[in-house]
Each structure stands twice: as structure tokens, then as C-alpha cells.
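Commentary on secondary and tertiary structure
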Amino acid sequence: MEIEELSKSYVVNVDLIKGIDFPSIKFTRNDNSNKIIFNITNNVKEVFLGNKTITVNIRKADNEKVIYGTKIINGQVIWELDLNAVACLGLVVVTVEIYEGDNRITSEKFSYNV
């Protein structure tokens, strides 16, 4: 029997050409075990992430902007949301930025609700 980690997790597919495919995402205010897992592709082809830095940029309902670091595990980008990411009720707008040296690519926007 496999033991599942206790967290609310969503998977978001980010294709740099074709756009973003994501479910309706809802987090509860002040919950502290939330994550979003990103699959990054470029025109449906998997992107090698080993030499890249990936950030998640959010704008909360109170207009506060925050930039978060991520982890890369087994070719997926993992963002573990902190309490600040779910502290303000309302719509949170998100972009993913991929850095390789001096180059930056920003995803389309998507959102989640708190």
C-alpha cells in the first residue's frame, strides 16, 4: 500500500506555445499544506529543466505581488505555497517565469481562488 502525502495538490500543464491547461483551483485561507505541480512543455515537447531557474509570480486580490522559488523534481516544477500565498481571500493571478542565463520566458496567466 502506497502512503500518500497529506497536501492539497493541483497539476498545471504549461506549454510555452500552446498555453496553459489547468483545473479549477481553490485553496482554503491559511491552510499550510498546498502545492501546485507544473509540467513545462514547449509546443508539446518536454523542456529540459536541469539548467533553468523557475519562479512563480503572483498578484493577490489585495494587489500585493510576490515572487516564489520552486523545486524541480523528476522533470516537474513544484511550488509549495506558503501562508502568504493563501492569506488574502479572492482571485490570485499567477505566471511562471523560466530563466536560462540571461534569457527569460513568461507563461500565460492563470489563476486560483482562496
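Residues numbered from 1 in each chain as written. Predicted model: local features only at pLDDT ≥ 70, side-chain atom pairs only at ≥ 80, totals over all residues. Heavy atoms only, no water.

What follows concerns the overall build of the chain. For the chain, the helix and strand inventory stands at zero helices and eleven strands. Reading the secondary structure of the chain in the N-to-C direction produces β-β-β-β-β-β-β-β-β-β-β. Compactness check: the chain gives a C-alpha radius of gyration of 14 Å against a globular reference of 13 Å for 114 residues, within 12% of the reference. Across its three principal axes, the chain shows a C-alpha extent of roughly 45 × 35 × 25 Å. Within the chain, contacts between residues at least 6 apart in sequence are counted, and of these 61% link residues at least 24 apart. Surface exposure of the chain reaches about 7000 Å², of which carbon and sulfur atoms provide 49%. When the 13 positive and 15 negative side-chain charges of the chain are each reduced to one mean point, those points stand 6 Å apart. (Helix = DSSP H or I, 4+ residues; strand = E, 2+ residues; numbered from the N terminus. Rg over C-alpha atoms; globule rule 2.2 N^0.38 Å. Contact = heavy atoms within 4.5 Å. Areas by Shrake-Rupley, 256 points an atom, 1.4 Å probe, with all protein chains shown as cover. Lys, Arg positive; Asp, Glu negative; His and termini not counted. Charge placed at Lys NZ, Arg CZ, Asp CG, Glu CD.)

As a further point, take the packing of aromatic side chains. As enumerated under the stated definition, the model contains six aromatic pairs in all. Each ring, one from W79 and one from Y112, has its centre 6.3 Å from the other, and the planes form 55°; the classification is tilted. With W79 in strand β8 (residues 76-81) and Y112 in strand β11 (residues 110-113), this residue pair connects regions lying 33 residues apart in the sequence. By the ring-pair criterion, three or more aromatic residues cluster together here, those being Y10, F27, Y68, W79 and Y112. (Phe/Tyr/Trp six-rings, centres within 6.5 Å; stacked < 30°, edge-to-face > 60°.)

What follows deals with the side chain of K52. With respect to the helices, strands and loops of the structure, K52 is situated in the loop between β4 (45-46) and β5 (53-59). Residue classification places K52 among the buried positions, given a relative accessible area of 16%. A distance of 2.9 Å separates the side chain of K52 from the side chain of N51, its partner in a polar contact. Among the polar contacts listed, one links the side chain of K52 to the side chain of E100, at a separation of 3.4 Å. Setting aside residues no more than four positions away along its own chain, K52 makes contact with V47, I72, I98, Y99 and E100. (Buried < 20%, exposed > 50% of the residue type's maximum accessible area, 1.4 Å probe, protein only. Polar contact = N/O pair within 3.5 Å; in protein donor to acceptor, adjacent residues only side chain to side chain.)

With that settled, consider the nonpolar core. Grouped together as the largest cluster of nonpolar side chains are 28 residues, with contacts concentrated most on I36, F38, I40, I58, W79, F110 and Y112. Breaking this core down by element, the ones donating at least two residues are β1 (8-15), β3 (34-42), β5, β6 (65-69), β8, β9 (91-100) and β11. In terms of residue count, β9 provides more of this core than any other element does, four residues in total. Every residue in contact with F38, bar those within four places of it in the chain, is listed here: V12, V14, V56, Q76, V77, W79, V96 and F110. (Core = buried A, V, L, I, M, F, W, Y, C linked by side-chain atoms within 4.5 Å.)

As a further point, take the confidence of the model for the chain. Confidence in the prediction for the chain averages 94 pLDDT; 96% of positions are at 70 or higher. Considering each helix and strand of the chain separately, the mean pLDDT is smallest for strand β2 (residues 19-21), with a value of 92, and largest for β5, with 98. (pLDDT = per-residue confidence, 0-100.)

This part is about the environment of R29. Note on placement: R29 falls in the loop between β2 and β3. Of the residues examined, R29 reaches a relative accessible area of 44% and is grouped as partly exposed. Separated by 73 residues in sequence, R29 and D102 have C-alpha atoms that sit 36 Å apart. What R29 contacts, discounting residues up to four positions off in sequence, is V86, A87, L89 and V114. Of the polar contacts made by the side chain of R29, one reaches the backbone oxygen of A87; its length is 2.8 Å.

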